[in-house]
Amino acid sequence: PSQNAETCVTAPFVLTPAGLEGDSDLQFLLLGGKLVKVRSKSWKHGRYFKLEEDCQTFSHESKKAFKQNHTFSIDDIESVRKGRHSEGLKKYTDASVEDLCFSIIFKGRKKNLDLMAESPEDVNKWVSSLEKIINNMHNLSNQKKSEHWIFSCIRKADKNGDNMMTLKEVKHFLRQINVEVDDSYAADLFKKCDTSNSDTLEGEEIKQFYEMLTRREEIDIIYGKYAQTEGQMSDRDLLNFLLNEQREQATAEDAHRLIEKYEVDKTAKQNNCMTKDGFLMYLQQDDGCILNPAHRSVYQDMNQPLNHYYISSSHNTYLMADQLKGPSSTEAYIKALMKSCRCVELDCWDGANGEPVIYHGHTLTSKVLFKDVIKAIKDYAFKTSQYPVILSLENHCTVEQQKLMARHLVFFLGDALVKKPLGDTMPTNFPSPEALKGKFLIKGKRLNKLDSIFTNNNVIEDGTVSEEDEAAECKENSQKEKPKKSNIKLDKELSDIVIYCKSVHFNSFEHARENQAFYEMSSFKESKAFNLAETSATAFMHHNMDKLSRIYPAGSRTDSSNYNPVPMWNVGCQIVALNFQTNSKEMHLNQGRFLMNGFCGYILKPEFQRNLSSQFNPNALTEGSWLKKKIFHVMVISAQQLPKINKEKQKSIVDPLVKVEIHGVQADNASKETHHIENNGFNPMWNKKFQFDISVPELALVRFLLEDHDTASQNDFIGQYCLPLTSVQNGYRHVPVLNKRGDNISSASLFVHLMLLDAP
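Every chain's residues receive numbers from 1 upward, in the order its sequence appears when written. Local features are withheld for residues below a pLDDT of 70 in this predicted model, meaning they are given only at 70 or higher, and side-chain atom pairs are given and counted only at 80 or more; totals for whole chains, interfaces and linings count all residues. In computing side-chain values, all of the structure's heavy atoms are included and hydrogens and water are not.

## What to know about the packing of helix α14 (residues 370-380) against helix α15 (residues 399-413)
Viewed as axis vectors pointing N to C, α14 and α15 meet at an angle of 25°, and their least axial separation amounts to 10 Å. Here α14 is positioned roughly parallel relative to α15, judged by the angle of their axes. For the pair α14 and α15, the sense of crossing is right-handed. Judged by residue contacts, Phe 370, Lys 371, Ile 374, Lys 375 and Lys 378 of α14 engage Met 405, His 408, Leu 409, Phe 412 and Leu 413 from α15. Each residue belonging to the contact of α14 with α15 can be placed in one class, and the counts come to six nonpolar, one polar and three charged. Between the N-to-C directions of two axes lies an angle of 0 to 180 degrees, each axis being a line fitted to C-alpha atoms and, for a helix, fitted only over the stretch in contact. Secondary structure elements are taken from DSSP: a helix is a run of H or I of four residues or more, a strand is a run of E of two residues or more, and numbering for both begins at the N terminus. The cut-offs work like this: below 35 degrees is roughly parallel, past 145 is roughly antiparallel, 65 to 115 is roughly perpendicular, and the gaps in between are oblique. It is the rotation of the near helix from the far one that decides the hand of a crossing: anticlockwise by less than a right angle makes it left-handed, clockwise makes it right-handed. Any two residues having at least one pair of non-hydrogen atoms within 4.5 Å are treated as being in contact. Gly is placed with the polar residues, together with every amino acid not listed as nonpolar (Ala, Val, Leu, Ile, Met, Phe, Trp, Tyr, Cys and Pro) or charged (Asp, Glu, Lys and Arg).

## Regarding helix α3 (residues 120-139)
For α3, which comprises 20 residues, the first-to-last C-alpha distance of 28 Å matches the rise-based estimate of 28 Å (1.5 Å per residue) to within 8%. Burial here depends on accessible area, computed with a 1.4 Å probe over protein chains only, as a share of the maximum for the residue type. Under 20% is buried, over 50% is exposed, and the range in between is partly exposed. What α3 keeps buried is the set Val 123, Trp 126, Val 127, Ser 129, Leu 130, Ile 133, Ile 134, Asn 136 and Met 137. Residue count minus one, scaled by 1.5 Å, sets the expected span of a helix.

## Observations concerning a negative patch on the surface
A patch consists of residues whose relative accessible area exceeds 30% and which take part in no salt bridge; residues with like charges are grouped when within 9 Å of each other, and nonpolar side chains (Val, Leu, Ile, Met, Phe, Trp, Tyr) when within 5 Å. Where accessible areas are quoted, they stem from the Shrake-Rupley method and a 1.4 Å probe; at the residue level, only the protein chains shown are allowed to cover. A side-chain nitrogen of Lys or Arg and a carboxyl oxygen of Asp or Glu constitute a salt bridge if their distance falls within 4 Å. Residues counted as positive are Lys and Arg, residues counted as negative are Asp and Glu, and His and the chain ends are not counted. All charge positions are set by atom: Lys at NZ, Arg at CZ, Asp at CG, Glu at CD. On the surface, a cluster of negative charge is made up of Asp 99, Glu 118, Glu 121 and Asp 122. Mapped onto the fold, Asp 99 is located in the loop between α2 (87-92) and β8 (101-106).

## As for the UniProt feature "binding site: Ca(2+) 5" (unreviewed entry) in the chain
UniProt positions are given in the numbering used here, feature names are shortened, and annotations may be inferred rather than shown by experiment. Using the residue numbers shown here, the UniProt feature "binding site: Ca(2+) 5" (unreviewed entry) corresponds to Asp 708 and Asp 710. Looking at the element boundaries, Asp 708 is found in strand β31 (residues 701-708). Note on Asp 708: relative accessible area 12%, which makes it buried. Here Asp 655 takes part through its backbone nitrogen, which lies 2.8 Å from a polar atom of the side chain of Asp 708. Pairs of N or O atoms within 3.5 Å make up the polar contacts considered here, provided that, within protein, one atom can donate a hydrogen while the other can accept it, and that residues adjacent in sequence are counted only when both atoms are side-chain atoms.

## Quick word on the packing of helix α1 (residues 24-31) against α3
Axis separation between α1 and α3 bottoms out at 9 Å; the angle between their running directions is 105°. The angle between α1 and α3 places the two elements in the roughly perpendicular class. Across from Ser 24, Asp 25, Leu 26, Phe 28 and Leu 29 in α1, the residues of α3 making contact are Lys 125, Trp 126, Ser 129, Leu 130, Lys 132 and Ile 133. For the contact of α1 with α3, the per-class residue count stands at six nonpolar, two polar and three charged.

Okay, here's the thing in structure tokens:
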């Protein structure tokens, strides 16, 4: 790295994170200490934990014979929680040790690490030190992350730890960074760098070796074309690039701002110039990313009625895995809410000791207490988004336990629970997400109409209502014969807190128009919803203009698989509930749909899905405001540092290819792919051009999929990224690469050139 880089290389293989040189918290973690690992009431063992010298790997000893130390990456940590705030610590430790406990929560399905320290001071030290290094890692620029990644690979390759690399170790290093090189090329590169003729690389030679490996030919060409001022890019050259290549409405001030923000060379910065290093830095950051930076925060009108938005929604939120025997957990709710999910589902059943529980009825999935789930929801609902959360209740409880459910909701959620309509008169429409910030809405059955609140005609006792549609289907799937849809007794207290989301059975769009109030909503199983979307698309869209619709996966999806949400959004359905716990293409599309607008879980529907005069039909396009024909030009140029698929097989190198997919109205759906590159996941180049014809850009999503080519079997998944077409920036852009779970692979990226133009 250059002398002005943010990362200080204290020895060739020890990385001190930027700004943390000599930091006492960092030294504390590098030194490490003893903590008690908690796995059950009886399994509580002391283990020595420490941060490795690469400052991004954590290790602790294993007591099993011949077992290596356990390690995990700082990058794998989702959060650190102080106190007994995990299911394990609540279950296996006593409340008296609250201030000695903390948990490390991992991304994905990796089990939490529950720990105990000797004193509250130790807990504070561990938690604050870990948080500091996690934040530091998070704030590292992409270039620094790639240096981090390369240096940690060099450390692993230096088998005997002598800070020198032999040719054999160099080959091992190349395999680590996913590059297959023939022996003559490896020896050639080695010879070039071994200026001391010592048959080893050390110090500066390793740096030179690294720089030769990280050279980006394609960036050199682009930079060379625009760097017209003594071999550098002046502010005028940069402005020229922004206007002509990036198609941005940029000014001289914008060029100065980018030089100030990204240039690493002080002299160049003083001369208002951008070096090639600064240019690469710009291209790898938010300003050079495919996602429009203006869409990273809330930019849409949030004052429209609630039903005018797509709402990020989860099905059977309590499940961590499948629908038959998987674990139920409060952790699953926390993970969904932290991903900005704004509608969660609670399947409620009578539990022991009079306490209602949540689980997937008639199955072997484990049970979790209703009140524990409500507490977790209260704690995590508004950490990533301030906009309202809908609790969708599937109620199978007796009246006695329903009373307890209502009391838990009122007690734990307090003033945040909407218990009566906003305002003093009977509403005729939904309040907006803005008006409901920080609030919880209950979706469930109600004994009477909402206007009874204002006419003093309120019910004073429990009554009978028909069962939820999804509850009836769940029962149907678990019994041989089709059962009659039964009525259930409903507790008045629980009924009274259902305000804007009263569940009713769907008969027909006509019946709904004539008989249903705006707050009366139906749930549709996927087969019914897809059938309506195909046969009555415009009527379905009009239904959604003044009511909410919830779609849920078929009960037959016992593996927690998902249906395609796009056709449901195409007809304006708001609550398109998916199994968040399943890493699938459908969840990637969901993440892409909600990526913009600050990832707040609410996306304003296009105007033609909100305007009553609209005759839009996604299946048969006619003239209208929705028809904005575009040509989308995509050039897939290169990729950087793609992860190895088979980490067990040391010699496996990926053969990557890229698929570009459009998901939207039927006429726009398309997929095109590049050829595969043999044995290079480090810096493959394709330079492949594609063209897509787009009719309804406001409903289109773009998905980039990276796969490892396999002639004998199905290609393996490497990574993906999905975003709305309307959030794409033109020009030369880096595309982040996300893993199956939807988490960023920090050192990997795809480099493309994009142009969205009006069709002639």
